[in-house]
Amino acid sequence: MVTRNTRQKAAIREAFEHADRPLSTDEVLAIAQTAVDGLGIATVYRNIKALVDEQWLLAVELPGEAPRYEIAGKAHHHHFRCDQCGRVFELHGCVPAIEALAAPGFSVRTHELVLYGICAQCGEPPPA
């Protein structure tokens, strides 16, 4: 089912296009509100669901956290989560032969790798 295009939906699409990284619903709300006054979280949730249904967005699941969303159709990649600001970034490419880590006789169908640390914007924490 394709939903109609609205100013709100356009602002939400633009948020993802300009951020070029996985976004939480709160991040989408904050970014899209700069283009659409009065935009609410319910509208963000509804439009994200519609964009997932249309396969324009896909969910990025990190253990123990609410899903984030990113534009679908990108090449295989992994993610980096900043311990300080909580933002998630895309890591392009993949570790060569990662499937070789599986035990003999195992058949790898897919994999997901998440790195955790401090992003460049937050910088390294001062030494203790």
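Located above this text is the structure these notes cover.
Residues numbered from 1 in each chain as written. Predicted model: local features only at pLDDT ≥ 70, side-chain atom pairs only at ≥ 80, totals over all residues. Heavy atoms only, no water.

1. With respect to the packing of helix α1 (residues 7-19) against helix α2 (residues 25-32)
Inference 1: Their axes nearest at 9 Å, the elements α1 and α2 cross at an angle of 110°. What the angle tells us is that α1 and α2 run roughly perpendicular. On the side of α1, the interface is formed by A11, I12, A15 and F16, while α2 contributes V28, I31 and A32. (Axes fitted to C-alpha atoms, helices over the stretch in contact; angles between N-to-C directions. Helix = DSSP H or I, 4+ residues; strand = E, 2+ residues; numbered from the N terminus. Parallel < 35°, antiparallel > 145°, perpendicular 65-115°, else oblique. Contact = heavy atoms within 4.5 Å.)

2. With respect to the sheet that holds strand β5 (residues 114-117)
Inference 1: Ordered by their spatial adjacency, three strands build an open sheet running β4-β3-β5, and the pairing between neighbours is mixed. Edge positions in the sheet fall to β4 (88-92) and β5, since each has one partner strand and no second. With strand direction ignored, the average angle separating the axes of adjacent strands in the sheet is 30°.
Inference 2: Note that strand β3 (residues 77-82) and β4 share five bridges and pair antiparallel. Residue pairing for β4: H78 is matched across the bridge by L91. (Pairing = 2+ DSSP bridges.)

3. Structural notes on α1
Inference 1: The end-to-end C-alpha separation of α1 is 18 Å, in line with the 18 Å expected for 13 residues at 1.5 Å each.
Inference 2: Within the sequence span of α1, burial applies to K9, A11, I12, A15 and F16. Considered in projection along α1, the buried side chains sweep an arc of 165° and stay on one side of the axis. Those residues of α1 that are exposed and aimed more than 90 degrees away from the buried face are R7 and H18.
Inference 3: Those residues of α1 that are buried lie in contact with α2, α3 (41-53), β1 (57-60) and β2 (68-71).
Inference 4: A positive phi of about 50° marks D20, the residue just after α1. (Expected span 1.5 Å × (residues − 1). Buried < 20%, exposed > 50% of the residue type's maximum accessible area, 1.4 Å probe, protein only. Arc of directions from axis to C-beta.)

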